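# Architecture and fold: a report
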Amino acid sequence: MINTQYSNMNYNVNEKGYYGEFGGAYIPEMLYPNVEELRQNYLKVMAEESFQKEFHQLLKDYVGRPTPLYFAKRLSEKYNTKIYLKREDLCHTGAHKVNNTIGQILMAKRLGKTRIIAETGAGQHGVATATVCALMGLECIVFMGEVDIKRQAPNVARMKMLGAKVVPATSGSKTLKDATNEAIRDWINNPVDTHYIIGSVVGPHPYPDMVARFQSVISEEIKTQLKEKEGRENPDFVVACVGGGSNAAGAFYHYLDKPEVGIIAVEAAGKGIDTGESASTSVLGKVGIIHGSKTLLMQTADGQITEPYSISAGLDYPGVGPMHANLFASGRGEFISITDDEAMEAGLKLCKLEGIIPAIESSHALAIFENRKFKKNDVVVVNLSGRGDKDLDIYVNYFKL
Amino acid sequence: MKRIQNKLSENNKLLSIYFTAGYPKLDDTVEILQLLEKDGVDMIEIGLPFSDPLADGPTIQESSQVALKNGMTTEILFQQLKDIRKMVSIPLLIMGYFNPVLQFGVENFCKKCAEVGIDGLILPDLPLAEYEEHYAEIFKKYDLLNIFLITPQTSEERIRMIDTASEGFIYMVSSASVTGSSSGFGVSQQEYFKRVESLQLKNPQIVGFGINNSGTFQRATKHAKGAIIGSAFIKMLSEKGLAGISSFIKSIR
Ligand SMILES: Cc1ncc(COP(=O)(O)O)c(C=O)c1O
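Every value quoted in this text rests on a predicted model; they were computed, and no experiment measured them.

All names here are of chain A. With mixed pairing, the six strands of this open sheet are ordered in space as β3-β4-β14-β9-β10-β13. On the outer flanks of this sheet lie β3 (69–71) and β13 (333–339), each paired with one strand and no other. When strand polarity is set aside, the average angle formed by the axes of neighbouring strands in this sheet is 25°. As paired strands, strand β4 (residues 82–87) and strand β14 (residues 379–384) are joined by six bridges and run parallel to one another.

Here's what the structure looks like:
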């Protein structure tokens with residue numbers, strides 16, 4: 001069951017749409033009717049029995065949930081701790097993103113929307129959106145930065161096969177931030193029939209909360225699966241990479257108010273935090289407004305949003321969702337930054353040790369074991385957010401295979 | 001100072017111009033303001049450029065990028081406007097996105113506005129509720145009007161709420177679009193303008209978005225107090241530069 005109550009937990013959203021000082025809905029009036037319609041309805045719709053039934057049925061039969069919680073024996077031996085991988089890479093379409101798009105397409109249908117728009121970075125969210133639109137017979141338009149269209153070509157092809165229209169975003173850094181701008185502009189231009197399926201826990205309230213609730217199935221499953229394997233629901237640590245933060249939000253969700261569970265969020269340092277080519281928002285960001293949300297973001301002293309960099313298209317975003325900004329500011333989460341090189345090495349290591357090719361985004365989460373030491377008996381769950389098919393070219397070129 | 005209120009109480013339809021500060025050249029701001037006043041413009045929105053202007057179409061996006069590349073910052077804009085009230089007497093507003101204001105410090109920003117003689121602000125992504133809870137006091141302290149937007153999708157209930165919270169005028173966005181679209185001013189827009197007119201709000205309405213010549217200006221102001229031209233003016237600036245301002249303004253009315 002997806003939880004549809006507001007909780008009194010400190011780390012979840014409050015009635016006003018804030019996580020601590022972060023969140024809210026800083027949107028132009030043109031977006032107000034749509035966002036307000038969603039805000040008034042999302043919990044009500046999610047609580048409907050027919051919604052819950054359809055959502056869980058699709059997650060089971062179509063997405064292939066529950067995804068396994070796999071004890072990575074050789075990886076554990078190498079790092080001398082107990083590492084479990086939550087296999088979101090085995091979801092239909094190859095990443096966790098589909099948990100959210102299934103939820104949102106059902107929401108859109110119940111709100112009577114006929115046209116779907118989305119932004120995408122790595123293309124995983126675009127593919128997941130195109131997939132559910134095909135499933136439901138709805139028109140689908142995906143905005144994608146020109147740079148990302150080049151570096152994630154297989155996903156562009158998949159979206160086209162699925163019947164989506166892929167529109168290049170040519171402004172700014174031509175990556176995820178700019179694709180998001182274009183999607184928002186499209187929504188302003190099409191205020192009545194269109195639903196915007198945001199792909200992460202970013203954007204104006206209620207998006208961060210709605211997306212987190214759809215993704216919370218990840219930690220719900222971890223609890224049950226870990227109980228079977230270890231005799232306890234709570235690991236010592238949960239680790240996930242953070243672009244906008246949706247796979248992390250899902251993996252952390254049911255552990256947010258369990259202080260005995262350490263929460264580790266992994267950001268992309270790009271070429272290094274101080275190189276000017278990085279996406280480590282927790283280190284480089286300051287409080288500001290991006291895409292309708294008050295959160296941490298990378299910006300100049302003058303409040304201009306700066307262009308991030310990461311080898312991983314899915315982590316190449318100058319902000320983080322407000323939930324994560326609050327986890328950072330409150331000290332509840334431990335934030336670690338991983339460079340391109342560290343991530344690539346960790347990705348290759350997982351291939352060799354476990355026979356799993358991870359998405360480069362997920363490789364960032366795996367890379368922490370090189371520097372962050374854990375005790376022998378610690379149970380560490382790493383959310384393996386996606387598979388590496390889309391990244392083969394980048395791996396092959398990087399390692400000159 | 002009440003420059004905006006005084007202007008609104010005049011009997012004619014108002015022509016207001018938006019331009020991006022720092023475009024086409026960094027130091028054009030003051031000269032553009034002077035030329036616009038000389039040519040009979042009633043009110044001016046000075047655009048503070050932002051890297052990610054969500055509600056703007058390609059023309060204003062482009063001018064904002066050029067302005068930022070030219071080196072425009074909040075600090076520099078206030079320096080340029082330092083003596084503006086010795087030269088220009090029509091109402092001046094700053095229009096921009098909230099993040100640069102937040103980084104400058106909302107109170108500091110308002111204080112600077114008051115010092116140089118800015119009369120009001122238009123910050124489309126600062127929502128009504130947020131404004132009232134956190135910033136209304138500061139705006140009042142510095143005698144700055146905050147201008148809110150309405151669109152064809154805004155409910156009557158919300159329009160009335162915005163009217164109550166507003167002083168000066170309401171910015172009536174002509175159609176569901178970002179700036180610079182040319183959806184025209186057809187039957188549905190006229191109905192929307194009439195519908196809002198019939199609400200008899202306490203604040204007059206000024207129409208913006210999509211006005212690009214004398215025809216659209218006429219149609220926009222039939223049921224409203226005035227109209228704002230932005231993208232069309234910027235397009236003209238990119239083609240003809242400051243030399244084109246006078247004939248552009250005269251072509252409108
Ligand atoms: C496999 C994978 N992991 C992680 C991410 C980052 O997104 P988020 O931080 O929302 O989980 C993406 C985004 O495209 C992705 O494709």
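Further remarks concern the interface of chain A and chain B. Counting residues at the interface gives 34 residues for chain A, matched by 36 residues for chain B. Buried surface at the junction of chain A and chain B, summed over both partners, amounts to about 2,800 Å²; 53% is from carbon and sulfur atoms. Contact with chain B buries area across many residues of chain A, yet E29, M30 and R185 of chain A alone supply 23% of it, more than any other trio. Between K16 of chain A and E133 of chain B there is a salt bridge, and its shortest N-O distance comes to 3.6 Å. Taken together, the connections running from chain A to chain B amount to 19 residue pairs in polar contact (both at pLDDT 80 or more). Listed by contribution, the elements that provide at least two residues to the side of chain A that touches chain B are α1 (32–47), α8 (176–189), β11 (286–290) and β12 (293–297) of chain A. In terms of residue count, the dominant contributor to the side of chain A that touches chain B is α8 of chain A (seven residues). Counted by class, the side of chain A that touches chain B contains 17 nonpolar, nine polar and eight charged residues.

Attention now moves to the sheet that holds strand β7 (residues 165–169) of chain A. Residue and element names in this part refer to chain A. Reading across from one edge, β7-β6-β5-β8 is the order of the four strands in this open sheet, with parallel pairing throughout. In the strand order of this sheet, the two ends are held by β7 and β8 (194–196), each with one partner. If you compare each strand with its neighbour and ignore which way they point, the axes differ by 25° on average. Relative to strand β6 (residues 139–145), strand β5 (residues 115–120) is paired through six bridges, and the arrangement is parallel. Paired with A118 across the bridge in β6 is V142.

On to the nonpolar core. Among the nonpolar cores identified, the biggest contains 192 residues, and M107 and F252 of chain A together with L36, I46, F98, F233 and I245 of chain B are the most heavily contacted of them. Ignoring anything within four residues of it in the chain, the contact list for I46 of chain B reads F19, A21, L33, L77, L81, L92, L93, I94, M95 and I118 of chain B. I83, V266, A343 and V380 of chain A belong to the second largest nonpolar core, which has 29 residues in total.

Rules used in this analysis
- Residues numbered from 1 in each chain as written.
- Chains lettered and ligands numbered in written order.
- Predicted model: local features only at pLDDT ≥ 70, side-chain atom pairs only at ≥ 80, totals over all residues.
- Heavy atoms only, no water.
- Pairing = 2+ DSSP bridges.
- Helix = DSSP H or I, 4+ residues; strand = E, 2+ residues; numbered from the N terminus.
- Axes fitted to C-alpha atoms, helices over the stretch in contact; angles between N-to-C directions.
- Contact = heavy atoms within 4.5 Å.
- Buried area = accessible area lost by both parts, 1.4 Å probe.
- Salt bridge = Lys/Arg side-chain N within 4 Å of Asp/Glu carboxyl O.
- Polar contact = N/O pair within 3.5 Å; in protein donor to acceptor, adjacent residues only side chain to side chain.
- Nonpolar A, V, L, I, M, F, W, Y, C, P; charged D, E, K, R; others polar.
- Core = buried A, V, L, I, M, F, W, Y, C linked by side-chain atoms within 4.5 Å.
- Buried < 20%, exposed > 50% of the residue type's maximum accessible area, 1.4 Å probe, protein only.

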